[in-house]
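# Observations on chain architecture
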There are 2 protein chains.
Amino acid sequence: MSTKAIVTDPAAYHAAGVISNGPLLHISGQPGTLAGKTPSDGVSQIHLALLNLHRVIAAAGASPRDIVSLTLYVVNYDAANRLHPKPLQTFLAGHLPAVTVVPVPALAVPEWKYEIAATVAVPSPTVPRSLPSPTDADVDVLVIGAGLSGLAAAESVLQSGLSCLVLEGRDRVGGKTWTETLPSGTGVVDLGAAWINDTNQTEMIALARRAGVELIEQNTTGNCLLEQDKGPTVLFPYGQTPCITPQIQSELDNVREMCEADCQALSCESPTDPALDSLSFYAYLQSRNVSPAALATASVWTRAMLGQEPTDISALYFLNYCRSGGGLIQMRSDRRHGAQYLRVREGTQSFAQTMAGDLPTNTILFGERVDAILPSPRPGVVVLSRTGRAIRAKKVICSTPTPVLKTIQFHPPLPAKKQLLVDSFRYGYYTKVMLVFRSAWWVERGYCGLVQSFKGPASIYRDTGSPRDGKFVLTAFLAGESGRQWAREKDPRKREQALLRQLGRIYDEPEVPATEFVEALGHEWSEEELSGWGCPCPALPPGVLTLAGEALREPVGNVHFVGTETAAEWKGYMEGAVRSGRRGAREVVQGLNRSRL
Amino acid sequence: MSTKAIVTDPAAYHAAGVISNGPLLHISGQPGTLAGKTPSDGVSQIHLALLNLHRVIAAAGASPRDIVSLTLYVVNYDAANRLHPKPLQTFLAGHLPAVTVVPVPALAVPEWKYEIAATVAVPSPTVPRSLPSPTDADVDVLVIGAGLSGLAAAESVLQSGLSCLVLEGRDRVGGKTWTETLPSGTGVVDLGAAWINDTNQTEMIALARRAGVELIEQNTTGNCLLEQDKGPTVLFPYGQTPCITPQIQSELDNVREMCEADCQALSCESPTDPALDSLSFYAYLQSRNVSPAALATASVWTRAMLGQEPTDISALYFLNYCRSGGGLIQMRSDRRHGAQYLRVREGTQSFAQTMAGDLPTNTILFGERVDAILPSPRPGVVVLSRTGRAIRAKKVICSTPTPVLKTIQFHPPLPAKKQLLVDSFRYGYYTKVMLVFRSAWWVERGYCGLVQSFKGPASIYRDTGSPRDGKFVLTAFLAGESGRQWAREKDPRKREQALLRQLGRIYDEPEVPATEFVEALGHEWSEEELSGWGCPCPALPPGVLTLAGEALREPVGNVHFVGTETAAEWKGYMEGAVRSGRRGAREVVQGLNRSRL
């Protein structure tokens, strides 16, 4: 099978034509239904129609990249308010099939607003390459990735007495924890994960003690600010609901309580609720008739926590994500028990460095990106790296972020449900920029540094300084659509200035931020293949949990899957990563002990 | 070429996807037109659009089973009254391509209400298998099938001095005539064809004399009953029009006279009338503005005569079918000259048994189903049977019902028009159940036994007893949609009880039928491949006669086609079968004599 794009107008969004050569999969029009029900919300329907299409594609052993033509039928088409381009573009992920949009007066079933038919070029079954013989190494357990989950897994595997190797594609440990020293010499900043707590994050607090690091309480003393899309910036004490008007204040309390109750009602481990899963988080809020102000506030949550627009993410996925961190309120909290309670003075990469330092020498091989996982003639698998290394292992623990699995060839191919999950898990846009200042000018003015903005570019700011080091930092969270827009500007000076302008506007001090500014550090996780093109945690659009959620933690043959998004508790956090690594180690140790009997 | 269905939800009507591998036929949207005209009736347009699609498919050497995707465009789509599912399902005959229904505001031509586009996987040309050498036999004429048409053909061929063999798939002669002895020992019942007459059925009366059978006049003394869908059951003397109201009585007279006149205007041999052929019989009646009561009555005709719903059959085909039996009135008549005038005390299978008994020993080979008809190195063809027998013949007379031709491989393939006919000819649902009673309780109450019902399950009842044998029988005709529904119940007891309840209701004697009941016999012709999955005669949807009718009796190379549906006169009756057999024999004898000159 081969395809070739014919583009007559390179400026046009989609290719004008695609040549296919080989077997084709012809897919009937797929409506936006889940478990036989059709949500009334259009965007949710589009997500579900794409998912139903995706399911057929995966069942045929193909992927959305193999689509050659796609026809989208739309009822009540409104050219001025097109809901499909974003979910469709996200689904296609840069792939350009021949696309035709067809407005129609109705579809086969009155509730259906969208239907998607497609033709797909079916890839030839890949032939496993011949195995190098002899292999370069032979171990009980091979761990892919030396982030927190992979290192936790390797440590536990070795403790059980089994042999273990870790392949790491980067030249460092830590994965999405990465600590950089400030050029100004005033300490370090965390480009990735930054917060833990010492009550319900048992793995992290144990690691912190082991690493001997110093913990800094998040500053919540003083006032916070809320920048509205229109209207004045609102000042409110940390821990209270901003009072735009008493009416709106009560609306915000209500939406928070409603989401908290709905997320507490879910199972942490196996959330099941097709009705919730059929809706985007935004459609879920709308279906509960929340007010525009409450919608705006709740939209900040999916952005600040996952970089996702609330229209792009399943309500069930988001509520379960919150549930995994103890609930929406705990997940949003910067105080004791909260998700943003404690920072690490030495940087969070020390956790991985501590674990790595305790492993036997040469347990980790750096610069080894895994390319393929093949069946082994003896029980187990053979893992091939891009440098040509071949390692036989009885069991593999894959700790890469789920989207990275797309870059690894599996023989035999992953089961359809697992593949659906792999192809559906996506990061939102999420970049932290650490703005270093000469002074904590916000503290001097009575603020704790926490800012929310409906306007952007940054959705959230938090104080991440270390006063005793003379380090004064505000971290800007560029997340979701406004963050993505900010990132289109490639000049780092202009990027910085946009943030300094926003701060000047919010604090009503147009000059101070720019005057006090020293330097800015950040990292574009979205451009890094080994992080799965994003941070902190990939998320799912509507319906996937219902159709394929069971494949999340299920091993495939001798390959086991860990990583923070596979955790039942503290998904998206370092705690979840470590817990998932321990779970993966338990699975392989039990499996190998059983097979020894 | 290969195809493979990818079904993610087995409960869904259509397959979610179909993989094709090999050449594809891309077919432009086919409208429901015939000979450049578009009927205004929606159902007729669907039939014609499917036919136009079918024509392109057949021209490419493919069949509807090879469709991989189909898009149906519908103007004025009404989800609550979808006209397309039944014709489409009948057309696809269990095949499941990827189907998309697209409601549209209009199509290219204002009259078009439906348009169907499709992609078809073109089958690889089948390679004729190598011929066994030497062949098992070598004859002038091989006849396939030992029903009445095949036996009549064989008899006439042998009379001309040519050598002849008959291959019969069953272990008996008679085809769709089949006589069973009653367990109660009171005589026989005919599970298939039952009636002849002694005036215009010259072949049958000659055969009856030759067989020495005793003929029983159909009982038409006494009253008939009409069960309405709503309203009281109406009593009327045999031969008169039931008088629901004088107004309705005149409407029924009018519709009968109109159809009679329209059918008498047609050629028996080669009916040609694209306007009539473009309409279903139902749409034809509607286009003549007949009343609801007349529509209901006329609907019973297509059910009782062919097991077809009037929406499923071409008006031209049905009127020509009536014409072939001398007209609607003669065809419906149980009196002298009528189609249901005389029954055979010994059963109608005696006709075939008499003819078979007069053939030279070993002329008929039983249990030999024909599998393929191949070209012969010498002039003629080689016929392969499923048991592996290979017979060379100069000419073949194929007497199987037309739908059975689908199960025979032809090399070279049948011409496109013949294939279109073969794939389009279908039986309706038609089962007779003979209900045996202890007494002729209906005669005692002044009835002749003829009952019509708009309600079902049976559409018609007729007295088929033989009083001198102490055999008292009512035959229920389960036909069309209400018959099909009745047949969904698989328990024979419950099936019987449904009929006894219907009789009790109609005769206003709730207890009598059940009390007098002895036993019931019937046969599901729709489950029998060798009868072409039905009885008594296959029929055509709109348009096929116009596009491919000429292929009905036209030989293909050295293969000639007979069978009751190929008869010009008395289609669907034993008379038509015998006449067609004689005609086939004439064709081959003339052909072989010509080639001898």
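Residues numbered from 1 in each chain as written. Chains lettered and ligands numbered in written order. Predicted model: local features only at pLDDT ≥ 70, side-chain atom pairs only at ≥ 80, totals over all residues.

### Looking at the sheet that holds strand S21 (residues 447–453) of chain A
Strands belonging to one sheet form pairs held by backbone hydrogen bonds; the direction of such a pair is parallel or antiparallel. All names here are of chain A. Strands sit in the order S13-S12-S21-S22-S23-S20-S24 across an open sheet of seven strands; the sheet is mixed. Edge strands, defined here as strands with exactly one partner in the open sheet, are strand S13 (234–237) and strand S24 (517–522). Direction aside, neighbouring strands of the sheet carry axes that sit 20 degrees apart on average. Sheet analysis places strand S22 (residues 460–463) next to strand S23 (residues 472–479), joined by four bridges and oriented antiparallel. (Pairing = 2+ DSSP bridges. Helix = DSSP H or I, 4+ residues; strand = E, 2+ residues; numbered from the N terminus. Axes fitted to C-alpha atoms, helices over the stretch in contact; angles between N-to-C directions.)

### Focus: the packing of helix H3 (residues 148–159) of chain A against helix H11 (residues 349–357) of chain A
Residue and element names in this part refer to chain A. Across the interface, H3 lies against H11 with an axial gap of 10 Å and an inter-helix angle of 25 degrees. With respect to H11, the axis of H3 lies roughly parallel. The two elements H3 and H11 cross, and the hand of that crossing is left-handed. Contacts between H3 and H11 pair Leu148, Leu151, Ala152 and Glu155 from the former with Phe351, Ala352, Met355 and Ala356 from the latter. Broken down by class, the residue content of the contact of H3 with H11 amounts to seven nonpolar, no polar and one charged. (Parallel < 35°, antiparallel > 145°, perpendicular 65-115°, else oblique. Left-handed = near helix turned anticlockwise from the far one by under 90°. Contact = placed C-beta atoms within 7 Å. Nonpolar A, V, L, I, M, F, W, Y, C, P; charged D, E, K, R; others polar.)

### Observations regarding the interface of chain A and chain B
At the interface, 22 residues of chain A touch 23 residues of chain B. With six residues, the single largest contributor to the side of chain A that touches chain B is strand S3 (residues 24–31) of chain A. In terms of residue class, the side of chain A that touches chain B is made up of 17 nonpolar, three polar and two charged. Bridge count between S3(A) and strand S2 (residues 17–21) of chain B: four bridges; the pairing is antiparallel. Across the sheet, A:His26 pairs through a bridge with B:Val18, a residue of S2(B).

### Thoughts on the domain arrangement of chain A
Residues and elements named next belong to chain A. Here chain A is partitioned into domain 1 (2–121), domain 2 (137–159 + 166–176 + 348–427 + 547–596), domain 3 (179–220 + 339–347 + 428–530) and domain 4 (239–332). Distance between the C-alpha centres of domain 2 and domain 4: 32 Å. Contacts between the two partners involve nine residues from domain 2, matched on the other side by six residues from domain 4. Class assignment for the residues of the side of domain 2 that touches domain 4 results in five nonpolar, two polar and two charged. (Domains from an automatic or database assignment.)

### Quick look at the confidence of the model for chain A
Within chain A, residue pLDDT values average 94, and 97% of them lie at 70 or more. The complex model carries a pTM of 0.88, and its ipTM stands at 0.85. (pLDDT = per-residue confidence, 0-100.)

### Topic: the relation of the copies chain A and chain B
For the match of chain A to chain B, the screw axis carries a shift of 0.1 Å, the RMSD comes to 0.3 Å, and the turn is 128 degrees. Each copy contacts the other with its own distinct surface, as only 9% of the interface residues of chain A are interface residues in chain B too. (Least-squares fit on C-alpha atoms with pLDDT ≥ 70 in both.)

### Focus: the packing of helix H5 (residues 246–264) of chain B against helix H9 (residues 315–324) of chain B
Residues and elements named next belong to chain B. Running from amino to carboxyl end, H5 crosses H9 at an angle of 80 degrees, the nearest separation of the two axes being 8 Å. One finds that H5 runs roughly perpendicular with respect to H9. Contacts between H5 and H9 involve Cys259, Asp262, Cys263 and Gln264 from the former and Leu319, Cys322 and Arg323 from the latter. Tallied by class, the residues present in the contact of H5 with H9 amount to four nonpolar, one polar and two charged.

### Re the pairing of strand S5 (residues 98–104) of chain A
All names here are of chain A. When strand S4 (residues 67–75) meets S5, the two strands line up parallel, connected through seven bridges. Bridge pairing links Thr71 to Thr100 in S5. Read from S4 through helix H2 (residues 85–92) to S5, the crossover connection turns out right-handed. (Right-handed = clockwise from strand over helix to strand, strands pointing away.)

### A look at the sheet that holds strand S12 (residues 223–227) of chain B
Residues and elements named next belong to chain B. Taken in spatial order, the seven strands of this open sheet run S13-S12-S21-S22-S23-S20-S24, and their pairing is mixed. In this open sheet, the two edge strands, each paired with only one partner strand, are strand S13 (234–237) and strand S24 (517–522). Taking the axes of each pair of neighbouring strands and ignoring which way they run, one obtains an average angle of 20 degrees across the sheet. In the sheet, strand S21 (residues 447–453) pairs with strand S22 (residues 458–463) via two bridges, with the strands oriented antiparallel. Among the inter-strand pairings, Gln452 is bridged to a residue of S22, identified as Ile460.

### Quick word on unusual backbone geometry
All names here are of chain A. For the bond from His411 to Pro412, the omega torsion is -5 degrees, close enough to zero to count as cis. Along the chain, Pro412 turns up in the loop between strand S19 (409–410) and helix H12 (416–424). Of note, the amide linkage connecting Gly456 to Pro457 takes the cis form, showing an omega dihedral of 5 degrees. Of note, Ala35 is a non-glycine position whose phi angle comes to about 50 degrees, a positive value. Structurally, Ala35 is set in the loop between S3 and helix H1 (42–59). The phi dihedral of Asp508 falls on the positive side, at around 55 degrees, and the residue is not glycine.

### Details of helix H8 (residues 292–306) of chain B
Note that an α-helix has 3.6 residues per turn; residues three or four places apart therefore point the same way. Residue and element names in this part refer to chain B. Taking 1.5 Å of rise per residue, the 15 residues of H8 would be expected to cover 21 Å, and the 21 Å separating its terminal C-alpha atoms lies within 8% of that figure. The buried fraction of H8 is high, at 12 of 15 residues. Buried residues of H8: Ala293, Ala294, Thr297, Ala298, Ser299, Val300, Trp301, Thr302, Arg303, Ala304, Met305 and Leu306, and no others. The first or second residue beyond H8 is Gly307, which carries a positive phi of 70 degrees. (Expected span 1.5 Å × (residues − 1). Buried ≥ 20, exposed ≤ 12 C-beta atoms within 10 Å, placed from the backbone.)

### Notes on the pairing of strand S12 (residues 223–227) of chain A
The side chains of a regular strand alternate, first on one face of the sheet and then on the other. All names here are of chain A. Extensive coverage of S12 is indicated by the burial of four of its five residues. Here S12 pairs with S13 via four bridges, running antiparallel. Pairing of Asn223 across the sheet is with Pro237, part of S13. Adjacent in sequence and paired antiparallel, S12 and S13 are bridged by six residues, among which Gly231 carries a positive phi angle near 95 degrees. As defined by bridge partners, S12 adjoins S21 across four bridges and the pair is classed as parallel. The residue bridging Leu226 from the neighbouring strand is Gln452, located in S21.

### A closer look at the nonpolar core
The tendency in soluble globular proteins is for nonpolar side chains to be buried side by side. In this structure, A:Val120, A:Leu142 and B:Leu142 are the most contacted members of the largest nonpolar core, which totals 310 residues. Residues in contact with B:Leu142, not counting those within four places in the same chain, are B:Leu165, B:Leu167, B:Val383, B:Ile391, B:Ala393 and B:Val396. By size, the runner-up hydrophobic cluster in this structure holds 36 residues, among which are A:Met434, A:Phe472, A:Ala476 and A:Leu499. (Core = buried A, V, L, I, M, F, W, Y, C linked by C-beta atoms within 7 Å.)

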